[in-house]
Number of protein chains: 2
Amino acid sequence: MTSFTEENYLKIIYKLSAETDSEISTNAVAELTQTKAASVTDMLRKLSEKQLVIYQKYQGVRLTKKGETVALKVIRKHRLWEVFLVDKLGFNWDEVHEIAEELEHINSDKLVQQLDEFLGFPQFDPHGDPIPDKHGRMPESAYKNLSEILINQEVVMMGVAQHSTNFLQYLAKIGLHLGVNIYIVEINDFDKSLTIKIEGSTQCFISYEVAKNLLVKSISMDED
Amino acid sequence: MTSFTEENYLKIIYKLSAETDSEISTNAVAELTQTKAASVTDMLRKLSEKQLVIYQKYQGVRLTKKGETVALKVIRKHRLWEVFLVDKLGFNWDEVHEIAEELEHINSDKLVQQLDEFLGFPQFDPHGDPIPDKHGRMPESAYKNLSEILINQEVVMMGVAQHSTNFLQYLAKIGLHLGVNIYIVEINDFDKSLTIKIEGSTQCFISYEVAKNLLVKSISMDED
DNA sequence: ATATTTTTTTAGATTTGTCTAAAATTGATT
DNA sequence: AATCAATTTTAGACAAATCTAAAAAAATAT
């Protein structure tokens, strides 16, 4: 059995692994778990004994198959609960992360199964993140970062790569909601910042930092 | 803030208080928390420092107003989640207790509020227990124990006073479901055991122990 | 009213997950 | 290659919640 805390470590290591190909550093984990490096070292040793991660001191860490399975289950639960909160209980997408952080640790295979069915087997959570199926398989997400899109090419806003309440509320303020059509009016060569046009709203200016965190799909491949 | 564990103690003290008028003993709490008396003593001291209970050593314990409020919130959440699991996710009433024991500790006023609304502000959980409203008020439950009912008086099965999976599965086996009509055919003076007739089924024999844990209402006050 | 039994509390230890401060290792710089 | 800086680990401590065994108090019985 894996504890609440162990599950959080595994989830965080999984997320960090998705970004880099090499081992994850102790400090990187410490930052996301909001703990100190010394605590992480202790936990990594423990997870290693349980065969959930490959860890050698000073060499960083990566998940074993077994650890990845646990992480994917937690992520699956997190994202399903987010769908529940938004679709069924009427929460805004920027309010659900913290609650889902608690719900994701409830243990019952039947609960997850029934919830999935109740929600209509959703493939993506309210932020556009893919939901692993019960075998841990992720649906193909054909989304791109807005920062990779050409000028004047119309795209649909499909998700975000960052979930902080701050960021999501900023998007709401400038009128960037899921499903809205947008296109790039101008790219500033100097700092890669963008002027974009949001359908049914005025133009607005966003930094490269923000653009990198926006997931969109082209209008052409609209059916899904 | 109250921890998961503290909330469990408060909930259990609340339930024991509903049955007796006097102070609750350390041993009684230990039995329901599945811990040893020594652990209970420690926790009672801690809860007392937090002003959640009145406790003097060797004198037993009772909840303060503040402690009662916390307990009622936990019970409210537990029962609302049980309704969700049965009504929305299709669980049987004998499968939901353990899952609700975990869900009841999720902390978010908005979550509880929205869940309540989503479920249509239910007054009773799937076992027939009353659900406290958001101010901690219990709906009037006009149910009686089957053990108080007269021979031949037709009543409707409305709930149970005990939730162990064992007990609920036993009821299912003998055909005692929520909402079914029953009446007492015969009372055995010797041990107060009963022969009852279940509508659409054969007669069956139940012990006084079982009868005490069955909640029923008279047919006459049938509307609501 | 004294002795015995039961209940409750204390004392000291354990587990989980965390911390700080110091030591060890790695890696970067000259 | 030697030094310095950054990262990581060790050592020892702490808080929460639990335990066992022994002591203290209360309840019961003789």
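One structure accompanies this document, and this report is about it. Keep in mind that what you see is a predicted model, and the values were worked out from it rather than measured.

Procedures and definitions
- Residues numbered from 1 in each chain as written.
- Chains lettered and ligands numbered in written order.
- Predicted model: local features only at pLDDT ≥ 70, side-chain atom pairs only at ≥ 80, totals over all residues.
- Heavy atoms only, no water.
- Helix = DSSP H or I, 4+ residues; strand = E, 2+ residues; numbered from the N terminus.
- Expected span 1.5 Å × (residues − 1).
- Contact = heavy atoms within 4.5 Å.
- Axes fitted to C-alpha atoms, helices over the stretch in contact; angles between N-to-C directions.
- Parallel < 35°, antiparallel > 145°, perpendicular 65-115°, else oblique.
- Nonpolar A, V, L, I, M, F, W, Y, C, P; charged D, E, K, R; others polar.
- Buried < 20%, exposed > 50% of the residue type's maximum accessible area, 1.4 Å probe, protein only.
- Salt bridge = Lys/Arg side-chain N within 4 Å of Asp/Glu carboxyl O.
- Near = heavy atom within 4 Å.
- Polar contact = N/O pair within 3.5 Å; in protein donor to acceptor, adjacent residues only side chain to side chain.
- Core = buried A, V, L, I, M, F, W, Y, C linked by side-chain atoms within 4.5 Å.
- Phe/Tyr/Trp six-rings, centres within 6.5 Å; stacked < 30°, edge-to-face > 60°.
- Lys NZ or Arg CZ within 6 Å of the ring centre and 35° of its normal.

Some remarks on helix H3 (residues 37-49) of chain A
Residues and elements named next belong to chain A. In this model, H3 (13 residues) spans 19 Å end to end at C-alpha, consistent with the 18 Å of a helix rising 1.5 Å per residue. Contact partners of the buried residues in H3: helix H1 (4-19), helix H2 (26-33), strand S1 (53-55) and strand S2 (61-63). Remark: Gln 51 follows H3 within two positions and exhibits a positive phi of approximately 65°.

Describing the packing of H1 of chain A against H3 of chain A
A pair of packed helices is captured by two measures, namely the crossing angle of their axes and the spacing between those axes. Residues and elements named next belong to chain A. In contact at an axis separation of 11 Å, H1 and H3 are set at 95° when each is read in the N-to-C sense. One finds that H1 runs roughly perpendicular with respect to H3. Counting all contacts with H1, which are made through Thr 5, Glu 6, Tyr 9, Leu 10 and Ile 13, the residues of H3 involved are Ser 39, Val 40, Met 43, Leu 44, Lys 46 and Leu 47. A breakdown of the residues in the contact of H1 with H3 according to their chemical character gives seven nonpolar, two polar and two charged.

Section: the environment of Val 96 of chain A
Residue and element names in this part refer to chain A. With respect to the helices and strands, Val 96 occurs in the loop between helix H4 (65-88) and helix H5 (97-103). Val 96 sits in the buried class, given a relative accessible area of 0%. In this structure the C-alpha to C-alpha distance between Val 96 and Trp 81, which are 15 residues apart in sequence, comes to 8.5 Å. Not counting chain neighbours up to four residues away, the residues in contact with Val 96 comprise Glu 82, Leu 85, Val 86, Phe 91 and His 127.

Observations concerning the pattern of salt bridges
Under the definition given, this model contains 24 salt bridges over all chains. Across the pair Glu 6 of chain A and Lys 50 of chain A runs a salt bridge whose closest N-O atoms are separated by 3.0 Å. Highlighted residues: Glu 6 of chain A in helix H1 and Lys 50 of chain A in the loop between H3 and S1, separated in sequence by 44 residues. When its relative accessible area of 1% is taken as the criterion, Glu 6 of chain A is described as buried. For Lys 50 of chain A, a relative accessible area of 30% gives the class partly exposed. A salt bridge links Lys 46 of chain B to Glu 6 of chain B, with the nearest nitrogen and oxygen atoms 3.0 Å apart. Separated by 40 residues along the polypeptide, Lys 46 of chain B in helix H3 (residues 37-49) and Glu 6 of chain B in helix H1 (residues 4-19) bring together distant segments of the chain. Among the residues examined, Lys 46 of chain B registers a relative accessible area of 38% and is labelled partly exposed.

A word on the protein's contact with DNA strand C
Near DNA strand C there are 20 residues, and of these Ser 3, Ser 39 and Lys 46 of chain A together with Arg 45 and Tyr 55 of chain B occur at the shortest range. Sugar plus phosphate: this is where 79% of the atoms of DNA strand C within 4 Å of the protein reside. In the environment of DNA strand C, a phosphate oxygen lies 2.8 Å from a nitrogen or oxygen atom belonging to the backbone of Tyr 58 of chain B. Elements supplying a minimum of two residues to the surface near DNA strand C: H1 and H3 of chain A together with helix H2 (26-33) and H3 of chain B. Residue classes in the surface near DNA strand C are distributed as seven nonpolar, eight polar and five charged.

So, the nonpolar core
Nonpolar side chains in soluble globular proteins tend to end up buried together. Judged by nonpolar contacts, the single largest core of 32 residues is most densely connected at Trp 81, Phe 84 and Leu 85 of chain A together with Trp 81, Phe 84 and Leu 85 of chain B. If you list the elements that add at least two residues to this core, you get H4, H5 and helix H6 (109-118) of chain A together with helix H4 (65-88), helix H5 (97-103) and helix H6 (109-118) of chain B.

Examining the packing of aromatic side chains
If you walk through the whole model with that rule in mind, you get nine aromatic pairs over all chains. Here the aromatic rings of Trp 81 of chain A and Trp 81 of chain B are separated by 6.0 Å at their centres, their planes lie at 80°, and the arrangement is edge-to-face. Linking Trp 81 of chain A in helix H4 with Trp 81 of chain B in helix H4, this pair reaches from one chain into another. Arranged with centres 6.1 Å apart and planes meeting at 80°, the rings of Phe 84 of chain A and Phe 118 of chain B form a pair that is edge-to-face. Linking Phe 84 of chain A in helix H4 with Phe 118 of chain B in helix H6, this pair reaches from one chain into another. On the basis of relative accessible area, Phe 84 of chain A is assigned to the buried category, the value being 0%. Through pairs of rings, three or more aromatic residues link up here, namely Trp 81, Phe 84 and Phe 118 of chain A together with Trp 81, Phe 84 and Phe 118 of chain B. Just above the ring of Phe 118 of chain A sits the side chain of Lys 88 of chain A; from NZ or CZ to the centre is 4.6 Å.

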